[in-house]
Amino acid sequence: MIRQMQVSDAPLQGDRLTVVQELWGMSQSELSKKLEITQPHFSKIAKRQRALTPEIATRACQQFDLPYSFFTAVTPRECSGVVTFRRGSKTSAKQRDRVTRLLREATRAWLATSKKSQYKTVSLPDANLSTQEAAQWVRHEDGLSAQAPIKNTVRLLERLGIGVITQLDQQRKALESVSKMHSGASIPASQNVRPLIALVNPLPGAVARLTLAHELGHLIYDKDRPHQIEGIRAPEEQRAFDFAMRLLVPHDYLEDQVSETTPLRNFLPIKAKYGVSVRALITHAKKSQLITPARQRSLHIQMSSLGWNKGEPVEVAAERPILFAQAANQIWPENTVENMAYDLGLSRNLVALWIGEERKESAGATILNLDEYREMASRPRN
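Model, not experiment: these values are computed from the prediction.

## What about the sheet that holds strand β1 (residues 84–85)?
No. 1: With mixed pairing, four strands are arranged side by side in an open sheet as β1-β3-β4-β2. Single-partner strands in this sheet number two, and they are β1 and β2 (163–165).
No. 2: Across three bridges, the pairing between strand β3 (residues 184–186) and strand β4 (residues 196–199) is antiparallel. Within β4, the residue paired with Gly184 across the bridge is Leu199.
No. 3: With respect to the sheet, helix α5 (residues 93–116) is in contact with β1, β2, β3 and β4, its orientation differing from that of β4 by roughly 135°.

Next up, the structure:
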């Protein structure tokens, strides 16, 4: 049975009009016209100074293809923390608000689905641990040996109790411009024991793995921040990057493989083994003082001359989440997208995107291809 058109007796939430405004990137004036009300009237409803009537809610549902329950949904406090995501200096307020709202809606959906399916709560290391210690803790928790590669970063996060979405935004026309300003996103909050990590838009395999691990670093170290992290050079961003690299590429192994004289080609077998881009490996090697800044610049120049800035050798395949979809199908075994959207008060299109119904692809258990590079990784250096 599809519950899409049923009208609930639950009270209407006027501030959900602001959610529509942010998701569709509209001004109050633009949305007011679509809903056939004045802008002051809209403002008072959004501020809960006037009631949202069933007529206005129904009009909005028809305009934006939303279930009526969208306007009875209440955002839990677990979803109200500061959002961590990297954004460029040219990011507009509308783009920022859209990404933030998408993440809050997705986190709300995962929180409810995780609870209903009775999936475990998150297991994370103590924030007082160093990045090296925290990385070792996660590896031990997942049963990995000291130098074993993480075969699937998405699956590791899911086993920790973290929901994962690898495409948060459905506006494909804006993917190229937005992806340059946003990558991963999460809401680190101590009260949320069922967190979510999302990629705003699809990323290349190696970049996605590092981005997901980077957001895990934020969940560990940046809970309950009063303000957003400003800039990629912020100490919090640097710490998350360091944690992610130490998680994905064991530091003892990197120390053994990389020195000031390591040629560029020798970074390829490391990439093949651990699924991290050559550029990220070089950056981490410099930060870890395994190579000098001058050597980093030299390697970057070599990468540019070889055309690696546009595409590095050694493909790292995309990873796909499975946990969110499995939980949803368990709770809503029939007409999953429609009934989940109605019960949680969400757009059907977003639900389909977030649980992977738009792509019937394998979960991608095999992460690294090109077997010859794996063989290279096992050879001792000359």
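## Quick look at the packing of helix α2 (residues 28–35) against helix α4 (residues 54–64)
No. 1: Where α2 contacts α4, the axes come no closer than 9 Å and their chain directions differ by 100°. One element, α2, and the other, α4, form an angle in the roughly perpendicular class. Every residue of α4 that contacts α2 at Leu31, Lys34 and Leu35 is listed here: Ile56, Arg59, Ala60, Gln63 and Phe64.
No. 2: In terms of residue class, the contact of α2 with α4 is built from five nonpolar, one polar and two charged.

## Description of the pattern of salt bridges
No. 1: Throughout the structure, instances matching the rule amount to 15 salt bridges.
No. 2: Residue Arg239 is joined to Asp222 by a salt bridge in which the shortest nitrogen-to-oxygen separation is 2.7 Å. In this pair, Arg239 is assigned in helix α10 (residues 235–248) and Asp222 in the loop between α9 (205–221) and α10, connecting sequence segments 17 residues apart.
No. 3: The network of salt bridges with common partners includes Arg16, Glu105 and Arg108.

Conventions and cut-offs
- Residues numbered from 1 in each chain as written.
- Predicted model: local features only at pLDDT ≥ 70, side-chain atom pairs only at ≥ 80, totals over all residues.
- Heavy atoms only, no water.
- Pairing = 2+ DSSP bridges.
- Helix = DSSP H or I, 4+ residues; strand = E, 2+ residues; numbered from the N terminus.
- Contact = heavy atoms within 4.5 Å.
- Axes fitted to C-alpha atoms, helices over the stretch in contact; angles between N-to-C directions.
- Parallel < 35°, antiparallel > 145°, perpendicular 65-115°, else oblique.
- Nonpolar A, V, L, I, M, F, W, Y, C, P; charged D, E, K, R; others polar.
- Salt bridge = Lys/Arg side-chain N within 4 Å of Asp/Glu carboxyl O.

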